[in-house]
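# Structural overview for review
The lines below spell out each chain.
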Amino acid sequence: MRYPKISGFSDEIAEDVDTQFAVLGKLGIRYFEPRGVDGKNIADLSEEEVSRLGQKMEEKGIRVSSIGSPIGKVKLEEDFGKHFEQFKRVVEIAKKLEAKYIRMFSFYHEGGADWSQAERQEVLARLRQMIAYAGKQDVVLLHENEKDIYGDTVDRCVDLMEELACDHFRMVFDPANFVQCGQDTREGYRRLKEYVAYVHIKDALMEDGRVVPAGSGDGHVEYVLQELLSGRYDGFLSVEPHLGTFAGLAGLELDDKMAGLPQGGEGTFTLAYRALEEILDRISVNGMKIF
């Protein structure tokens, strides 16, 4: 049995999409979460570049799990009208690439950790406008709990979901991002599980926020996945390594799967994927292995 659908931010392998797809093929991964494509952000691709990407996807048998967009990753103080036009362009790209999901965020502000009621209302108003458009276009916005945006803590993610969750607005659960905000991912999962439609596989240390391979940090990744998969979660698990500056790699006790990894981005992406594999190898549902 092998039912979790694996994807990943393959721009952490290399800038060029040909190399990205070659490595994904080596690992047997058939989906990707496009964020950087040939050195450009997915939101900035021209019509010709989107068409070329679609052709390469078809040639390699790779599909999009979710668009790794930058939408909502701007300050509230910036021009929302201009940002909304970029959002509409991202929706257009998603549809051309036959992507159901679009990853997005809930805005930064200049006020530090404290958010005023007026700022909260502005966040909600902007998200409602984007959700309404997503509904008309039949795509699903996935809010990621990114550090320093409105929806970074468990409480504020719950607030967003209780106010806005619907068929076109759900949640990406990112364990490492919660750790970097000092949040308990087990509590976060218990409070948000009904809204989770997508998972980023990333772990971090509570002590300093450093990103480490899944299962090596304080994100309780195995607990979250065991609970999700026991509930028959059938969404994507998207590998997001962020290990480019991971200094502890040499000190890890690597098993045969992780020995002799390639150098550079391919190596760190492979390490992140193998760490996920190890966790999935330990998970069973109703006494049956799922991977």
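Residues numbered from 1 in each chain as written. Predicted model: local features only at pLDDT ≥ 70, side-chain atom pairs only at ≥ 80, totals over all residues. Heavy atoms only, no water.

In this section: the packing of helix H4 (residues 117–137) against helix H5 (residues 154–164). The geometry of H4 relative to H5 is characterised by a closest axis approach of 11 Å and an angle of 50° between their N-to-C directions. As summarised for this structure, H4 and H5 are arranged oblique, according to the angle between their axes. In terms of crossing hand, the pair formed by H4 and H5 is right-handed. Together, Arg120, Val123, Leu124, Leu127, Arg128 and Ile131 of H4 and Asp159, Leu160, Glu163 and Leu164 of H5 make up the contact between the two elements. Among the residues making up the contact of H4 with H5, the classes are represented as six nonpolar, no polar and four charged. (Axes fitted to C-alpha atoms, helices over the stretch in contact; angles between N-to-C directions. Helix = DSSP H or I, 4+ residues; strand = E, 2+ residues; numbered from the N terminus. Parallel < 35°, antiparallel > 145°, perpendicular 65-115°, else oblique. Left-handed = near helix turned anticlockwise from the far one by under 90°. Contact = heavy atoms within 4.5 Å. Nonpolar A, V, L, I, M, F, W, Y, C, P; charged D, E, K, R; others polar.)

Bringing unusual backbone geometry into the picture now. Not every positive phi belongs to a glycine, and Asp138 is a case in point at roughly 60°. Judged by relative accessible area, Asp138 falls into the exposed class, the value being 60%. (Buried < 20%, exposed > 50% of the residue type's maximum accessible area, 1.4 Å probe, protein only.)

Those residues of helix H8 (residues 221–230) that fall on the buried side of the exposure criterion are Val221, Val224, Leu225, Leu228 and Leu229. Along the long axis of H8, the arc covered by the buried residues comes to 115°, so they all point the same way. Positive phi appears at Arg232, one or two residues downstream of H8, with a value of about 65°. (Arc of directions from axis to C-beta.)

Because side chains alternate across strand E12 (residues 236–239), one face comprises the buried residues Phe236 and Ser238, and the other comprises Leu237 and Val239, equally buried. Pairing of strand E9 (residues 196–201) with E12, which is carried by four bridges, proceeds in the parallel orientation. Bridging from a neighbouring strand, Ile201 pairs with Val239 of E12. (Pairing = 2+ DSSP bridges.)

This part covers helix H1 (residues 17–27). All buried positions along H1 are accounted for by Val17, Gln20, Phe21, Val23, Leu24 and Leu27. Each buried residue of H1 lies within a common arc of 165° when the element is viewed along its axis, so the set occupies one face. Gly28, located one to two residues past H1, shows a positive phi value of around 75°.

Considering all chains together, one arrives at 13 aromatic pairs under this definition. An angle of 85° between the planes, with centres 5.2 Å apart, marks the rings of Trp115 and Tyr150 as edge-to-face. Of this pair, Trp115 sits in the loop between strand E6 (101–104) and H4 while Tyr150 sits in the loop between strand E7 (140–144) and H5; the two residues are 35 residues apart in sequence, bridging distant segments of the chain. Between the aromatic rings of Phe173 and Phe178, the centroid separation amounts to 5.4 Å while the plane-to-plane angle is 65°, which identifies the pairing as edge-to-face. For the pair formed by Phe173 and Phe178, the shared burial category is buried. Taken together, Phe80, Phe84, Phe87, Phe107 and Tyr133 form an aromatic cluster joined through their ring pairs. Here Lys5 stacks its cationic end above the ring of Phe236, 4.5 Å away from the centre of that ring. Lying over the aromatic face of Phe107, Arg126 brings its terminal NZ or CZ to 5.2 Å of the ring centre. (Phe/Tyr/Trp six-rings, centres within 6.5 Å; stacked < 30°, edge-to-face > 60°. Lys NZ or Arg CZ within 6 Å of the ring centre and 35° of its normal.)

A few words now on the side chain of Gln183. Residue placement: Gln183 occurs in the loop between helix H6 (175–180) and helix H7 (185–192). Engagement of the side chain of Gln183 in a polar contact is seen with the backbone oxygen of Cys181, the distance being 3.3 Å. Residues within four places of Gln183 in sequence aside, it is in contact with Thr153, Val154, Phe178 and Met206. (Polar contact = N/O pair within 3.5 Å; in protein donor to acceptor, adjacent residues only side chain to side chain.)

Attention shifts here to the sheet that holds E12. The strand order E1-E12-E9-E8-E7-E6 describes an open sheet built from six strands, whose pairing is parallel. Both outer strands of the open sheet, strand E1 (5–8) and E6, are each paired with one neighbouring strand and no more. When the angles between neighbouring strand axes are averaged without regard to direction, this sheet yields 30°. In this structure, E6 lies alongside E7, joined through four bridges in parallel fashion. The residue of E7 that forms the bridge with Ile102 is Leu141. Together, E7 and strand E8 (169–173) form the strand contacts of H5, whose direction differs from that of E8 by roughly 155°. Across the sheet, H8 lies against E8, E9 and E12, angled at about 150° from E9, the strand it touches most.

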